[in-house]
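The primary structure of each chain is shown beneath.
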Amino acid sequence: MTTALAHPNIALVKYWGKQDKAGNMPATPNLSITLSELSTVTTIGDSDRFQFQLNGEPVDDPKVSALIAAMTENFNLPPLRIDSTNNFPTSAGLASSAAGFAALVTAVDAHCKLGMNPALRSEWARRGSASAARSICGGFVALVPPDWQAQSLAPAQHWPLEVVVAITRQEAKDVSSTEGMERSRITSPFYNQWLRSAGDDYAEASAAITERDFEKLAAIAELSCLKMHSLMLTSRPTLSYWTPASVACMDRVRELRSQGEAVFFTVDAGPQIKAVCLPESRAAVAKALADVPGVLEILCSPLGEGARIIND
Ligand code: PMV
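All figures in this text were calculated on a predicted structure; none of them were measured in a lab.

Asker: Is there a simple way to explain the overall build of the protein chain in this structure?
Answerer: Looking only at helices and strands, the protein chain features eight helices and 14 strands. What you see for the protein chain is a C-alpha radius of gyration of 19 Å, in line with the 20 Å of a compact globule of 312 residues. In terms of principal-axis extent, the alpha carbons of the protein chain reach across some 60 × 40 × 35 Å. Here the protein chain holds 312 residues, and 56% of them are scored as buried. Residue pairs at least 24 apart in sequence account for 76% of intrachain contacts in the protein chain once pairs closer than 6 positions are excluded. Charge separation in the protein chain, taken as the distance between the mean sites of 27 positive and 33 negative side-chain charges, equals 4 Å.

Asker: Help me understand the site of the ligand in this model?
Answerer: Lining the immediate surroundings of the ligand are 14 residues, of which A11, Y15, S129, S131 and R134 lie closest. Taking Y15, its side chain carries an N or O atom lying 2.8 Å from an oxygen atom of the ligand. At a separation of 2.5 Å, an oxygen atom of the ligand approaches a polar side-chain atom of S131. Contact with the protein chains covers 93% of the free accessible surface of the ligand, which is 380 Å². When its residues are assigned to classes, the shell around the ligand shows seven nonpolar, three polar and four charged.

Asker: What exactly am I supposed to notice about the packing of aromatic side chains here?
Answerer: What describes a pair of aromatic rings is the distance from one ring centre to the other and the angle between the planes of the rings. For the structure shown, the criterion picks out five aromatic pairs. Geometrically, the ring pair formed by W159 and F214 is edge-to-face, given 6.2 Å between the ring centres and 85° between the ring planes. You can see W159 sitting in the loop between strand 9 (151-154) and strand 10 (162-167) and its partner F214 sitting in helix 6 (residues 214-233), a full 55 residues away along the chain. A single burial state applies to W159 and to F214, both of which are buried. On the numbers, 5.4 Å between centres and 45° between planes, the contact of F214 with F264 is tilted. Of this pair, F214 sits in helix 6 while F264 sits in strand 11 (residues 263-266), and the two are 50 residues apart along the sequence. The same class applies to F214 as to F264, namely buried. In this structure an aromatic cluster arises from ring pairing among F140, W159, F214 and F264. Taking NZ or CZ as reference, R127 lies 4.3 Å from the ring centre of W124, over its face.

Asker: Looking at this structure, how should I read unusual backbone geometry?
Answerer: The phi torsion of most residues other than glycine is negative, and most of the peptide bonds are trans. Cis rather than trans, the peptide bond between P145 and P146 has omega equal to 5°. Position of P146 relative to the elements: it lies in the loop between strand 8 (140-143) and strand 9. Cis geometry marks the peptide bond from R236 to P237, where omega comes out at -5°. Tracing the chain through its elements places P237 in the loop between helix 6 and helix 7 (244-258). The residue N24 is not glycine, and still its phi comes out positive at about 50°. Within the element layout of this structure, N24 appears in the loop between strand 2 (9-13) and strand 3 (30-34). Unlike most non-glycine residues, N76 shows phi in positive territory, near 55°. Along the chain, the position of N76 falls in the loop between helix 1 (62-75) and strand 7 (80-86).

Asker: It is not clear to me how helix 6 should be interpreted in this structure. Could you clarify?
Answerer: Since the α-helix packs 3.6 residues into each turn, any two residues three or four apart lie on the same face. For helix 6, built from 20 residues, the straight-helix expectation of 28 Å at 1.5 Å per residue is met to within 8% by its first-to-last C-alpha distance of 28 Å. Buried-residue contacts for helix 6 involve strand 2, helix 4 (177-187), helix 5 (191-211), helix 7, strand 11 and strand 12 (273-277). Residue D213 occupies the N-cap position of helix 6, its side-chain oxygen lying 3.4 Å from the main-chain nitrogen of E215.

Asker: I'm lost on the packing of helix 5 against helix 6 in this one. Help?
Answerer: Two measures define how a pair of helices packs: the angle their axes make with one another and the distance between the axes. Where helix 5 contacts helix 6, the two axes come as close as 9 Å, and the packing angle between them is 155°. Taken together, the axes of helix 5 and helix 6 lie roughly antiparallel to each other. Both helix 5 and helix 6 take part in a crossing whose hand is left-handed. Between helix 5 and helix 6, the residues in contact are Y191, W194, S197, D201, E204, A205, A207, A208, I209 and E211 and K216, L217, I220, S224, K227, M228 and L231, respectively. Here the contact of helix 5 with helix 6 is built from residues that sort into ten nonpolar, two polar and five charged.

Each value, and the rule that gives it
- Residues numbered from 1 in each chain as written.
- Predicted model: local features only at pLDDT ≥ 70, side-chain atom pairs only at ≥ 80, totals over all residues.
- Heavy atoms only, no water.
- Helix = DSSP H or I, 4+ residues; strand = E, 2+ residues; numbered from the N terminus.
- Rg over C-alpha atoms; globule rule 2.2 N^0.38 Å.
- Buried < 20%, exposed > 50% of the residue type's maximum accessible area, 1.4 Å probe, protein only.
- Contact = heavy atoms within 4.5 Å.
- Lys, Arg positive; Asp, Glu negative; His and termini not counted.
- Charge placed at Lys NZ, Arg CZ, Asp CG, Glu CD.
- Near = heavy atom within 4 Å.
- Polar contact = N/O pair within 3.5 Å; in protein donor to acceptor, adjacent residues only side chain to side chain.
- Areas by Shrake-Rupley, 256 points an atom, 1.4 Å probe, with all protein chains shown as cover.
- Nonpolar A, V, L, I, M, F, W, Y, C, P; charged D, E, K, R; others polar.
- Phe/Tyr/Trp six-rings, centres within 6.5 Å; stacked < 30°, edge-to-face > 60°.
- Lys NZ or Arg CZ within 6 Å of the ring centre and 35° of its normal.
- Expected span 1.5 Å × (residues − 1).
- Axes fitted to C-alpha atoms, helices over the stretch in contact; angles between N-to-C directions.
- Parallel < 35°, antiparallel > 145°, perpendicular 65-115°, else oblique.
- Left-handed = near helix turned anticlockwise from the far one by under 90°.

The following block contains the structure:
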């Protein structure tokens, strides 16, 4: 048996839309931070047939089955039993699939002694879910052309940011990211503009991280997030992952910033708000978001490490 652990990552420059070719590659460069307090733990053992359990229940997940089938063909794997557990809500806009596929590929690689380097693990994780490519690395992570294998921009210690997550709905989302981004690619009148501006957004955010310029990162991360949600809103049929509390949290974050707190928000394909802040603002941000009506729970996390084996 082999056990791997991976953390979700939160994109600060978003990916929303895939390239029109095999390999599950994003259409635009993107970058993320990896969270240490949320994690997926995946144990792999030998079996007489393929079995997959998520949070203790047998699950038929077509993306997991497809990835295991592709790896089996490529590496001649034996049948495996896979047990995966998340310590946070699944499929609710908290990047559970990113942590899940990063942990899965890391565990399969070690258990079957495939000898992959992190770049190759990232490529295989990407085939499961493109954002999963980034969870192979820790800290600040880029997923860019031409290889679309995640690379570290800076380790977590480079800039000790904190993330406060406001949970506004626990249930799994109705429209998956894959379906939602394909709808936007095909129908949003703003999709081409999104493709054109993504390179500049990426360059600005990565410079802000190198320079540890919080204001610059705040401005570009909120812009990238709201551009992505604009694509969702302008898709046909329209798509919105927000709850009223999500909107109230975004307003509260802007208000906190105008009062001098170092904080900005980002939101993925789900209703949770991730408030990224400097350590000295974390307590005030967590308290303020906990008081927003409709917020069910607050999670706090510093930045974390990449996917790794935790026992063998
Ligand atoms: O990894 P996917 O294909 O499920 O897409 C995730 C997309 C977002 O989380 C909304 C943005 C991102 O870059 O992570």
